[in-house]
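# Observations on chain architecture
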Amino acid sequence: MSDSQPHEPGKPGSTDRPASAHEGSSLVLCGARLADGRTVDVRLADGRIEAVGTAGSLSPTAAPGGTRVDLNGFLLLPAPAEPHAHLDTALTGQPPGPPGREAHEAQRRTTEAALLQLGHGATASRTHVRIGDVAGLAALEAVLAARRALRGLTELTTVAVPRLLTGAAGADGLAMLRDAVKMGANVVGGCPDLDPDPGGYTEAVLELAAEHGCAVDLHTDADDPARLARLAAMAGGLRPGVTLGPCGGLGRLPHEAASRAADQLAAAGVRVVTLPQGGCSLLTRRTPEVTAPVRLLRAAGVHVAAGSGALRDAANPVGRGDPLEAAYLLATLGELAPDAAYEAVSSRARAVMGLPEVRVEAGFPAELLAVRGQDVPGVLSLSYSRVVLHRGRVVARTSAVREFCDAGDTADTLDLPRQAQG
């Protein structure tokens, strides 16, 4: 990949300014291949897609800062989004042990993990943050500080996750959850499975969310049909909506019970985020089958998105936090066709997070991912080289080169990929 003018992706500590820094400037992505097979130029301006035309037909505006990026050989797609992350506890899966409580350490981990996910292509992430107990709101404060520092590179939203909301400790947990929303938590969350009264916990979360006009995102294994039926009854009509994840327990229920639960969730408008690579740090119980039954849920009309979950933490010390891996696993497991699997980590994930729709069409937000390859199955299989665009500018770039050793005439006969000499 080459640019007609040098254009380095934004990185921590760089002097790059957000896309609005050069008012009226534009960026043209040249020779990109779309999922429908067309090869096009795409012009971006003011954080949006300004025009899509045939290859070679578009030029940057004359304003200062206009430039081109050569995407010949790349597939251009709407950027993924990460709907289920635990960034403040990421990168703690190896010794010296559990994550430290120091605010600066949590902020560092959050920042590093968010940038890793950005490099994979996720221009927005929803991260679940535990509150309460000894640490109080310290972790949330650290994540909010990281969110401010990352503005212009990636969009971070936070889910406040209290431990207990019922019983003797419930009043303190509820008060802290209210404080978290006032501090800037975007979403009200929690893990009812860990509370002595899961139904009471869920009811408390839904009431507080309705009071503040917040979305709800609950961790649950979803292995109790009666509990799911009650949740669906309470959640129906709540705006801006309720999300559950990772719901691996649904896959362990008898088919009839799982189908009935899926119908109830669909009727209530409850969305599900599945984690194909496994569980997350709040639900560490490991079972042979940890993925939600995606085909069954979608057949019932449930909106299903996919996330990465653990990123090298205690739940999965080798978790990658890569949306394309999540899509690859959905396709490999036979839950979805490759194109639908990619939609689960992009357009459907964005919908769960309340983000605007993205298409490679004029007028849509310029949240884009270019991956070297010809089609979606190809890039899910081998997605090494990537260019990530957020708010209309390149914010991350990963380049990979594969070479084979010189084997005399064999290299010429087989036309093996080689770096140009000199």
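Everything below is about the structure printed above this text.
These remarks concern the structure in this document. Quick caveat: nothing in here was measured; it's all calculated off a predicted structure. (Residues numbered from 1 in each chain as written. Predicted model: local features only at pLDDT ≥ 70, side-chain atom pairs only at ≥ 80, totals over all residues. Heavy atoms only, no water.)

## Brief notes about the overall build of the chain
Each helix and strand counted, the chain has twelve helices and 16 strands in total. Each of the 422 residues in the chain was classed as buried or not, and the buried ones make up 53%. Across the chain, contacts joining residues at least 24 apart in sequence account for 73% of those joining residues at least 6 apart. Looking at the chain as shown, the accessible area adds up to about 18,200 Å², and 50% of this sits on carbon and sulfur atoms. (Helix = DSSP H or I, 4+ residues; strand = E, 2+ residues; numbered from the N terminus. Buried < 20%, exposed > 50% of the residue type's maximum accessible area, 1.4 Å probe, protein only. Contact = heavy atoms within 4.5 Å. Areas by Shrake-Rupley, 256 points an atom, 1.4 Å probe, with all protein chains shown as cover.)

## With respect to unusual backbone geometry
Between arginine 239 and the following residue, proline 240, the backbone shows a cis peptide bond with an omega angle of 10°. Of note in the backbone geometry, leucine 91 takes a positive phi value of approximately 65° without being a glycine. Positive phi values are uncommon outside glycine, yet alanine 222 reaches one of about 60°. Position of alanine 222 relative to the elements: it lies in the loop between β10 (215-220) and α5 (225-235).

## Some thoughts on the side chain of arginine 386
Position of arginine 386 relative to the elements: it lies in strand β15 (residues 386-390). Under the relative-accessibility criterion, arginine 386 is labelled buried at 5%. Of the polar contacts made by the side chain of arginine 386, one reaches the backbone oxygen of histidine 120; its length is 2.6 Å. A polar contact of 2.9 Å, which involves the side chain of arginine 386, links it to the side chain of aspartate 322. (Polar contact = N/O pair within 3.5 Å; in protein donor to acceptor, adjacent residues only side chain to side chain.)

## So, the nonpolar core
Membership of the largest hydrophobic core comes to 79 residues, with the highest contact counts inside it found for Leu244 and Leu250. Ignoring any residue separated from it by four or fewer positions in sequence, one finds leucine 250 in contact with Asp221, Ala222, Leu228, Ala258, Ala261, Leu265, Pro293 and Leu297. One finds Val40, Val360, Ala370 and Leu389 within the second-largest nonpolar core, a separate group that totals 20 residues. (Core = buried A, V, L, I, M, F, W, Y, C linked by side-chain atoms within 4.5 Å.)

## Thoughts on the sheet that holds β10
Overall, parallel pairing links the eight strands, which are arranged β6-β7-β8-β9-β10-β11-β12-β13 in an open sheet. Strands at the two margins of the open sheet, each flanked by one partner only, are β6 (82-85) and β13 (304-306). Taking each pair of neighbouring strands and ignoring which way they run, the sheet shows an average axis angle of 25°. Sheet topology places β6 next to strand β7 (residues 124-131); two bridges connect them, and they run parallel. Its bridge partner lying in β7, alanine 85 is registered against threonine 127. Across the face of the sheet, helix α4 (residues 198-212) comes into contact with β8 (155-162), β9 (187-190), β10 and β11 (242-246) while running at roughly 175° to β9. (Pairing = 2+ DSSP bridges. Axes fitted to C-alpha atoms, helices over the stretch in contact; angles between N-to-C directions.)

## Let's talk about the packing of α4 against α5
Where α4 contacts α5, the axes come no closer than 10 Å and their chain directions differ by 20°. The orientation of α4 with respect to α5, classified from their angle, is roughly parallel. Our pair here, α4 against α5, has a crossing hand that is right-handed. On the side of α4, the interface is formed by Pro198, Gly199, Gly200, Thr202, Glu203 and Leu206, while α5 contributes Arg227, Arg230, Leu231, Met234 and Ala235. Its residues assigned to classes, the contact of α4 with α5 comprises five nonpolar, three polar and three charged. (Parallel < 35°, antiparallel > 145°, perpendicular 65-115°, else oblique. Left-handed = near helix turned anticlockwise from the far one by under 90°. Nonpolar A, V, L, I, M, F, W, Y, C, P; charged D, E, K, R; others polar.)

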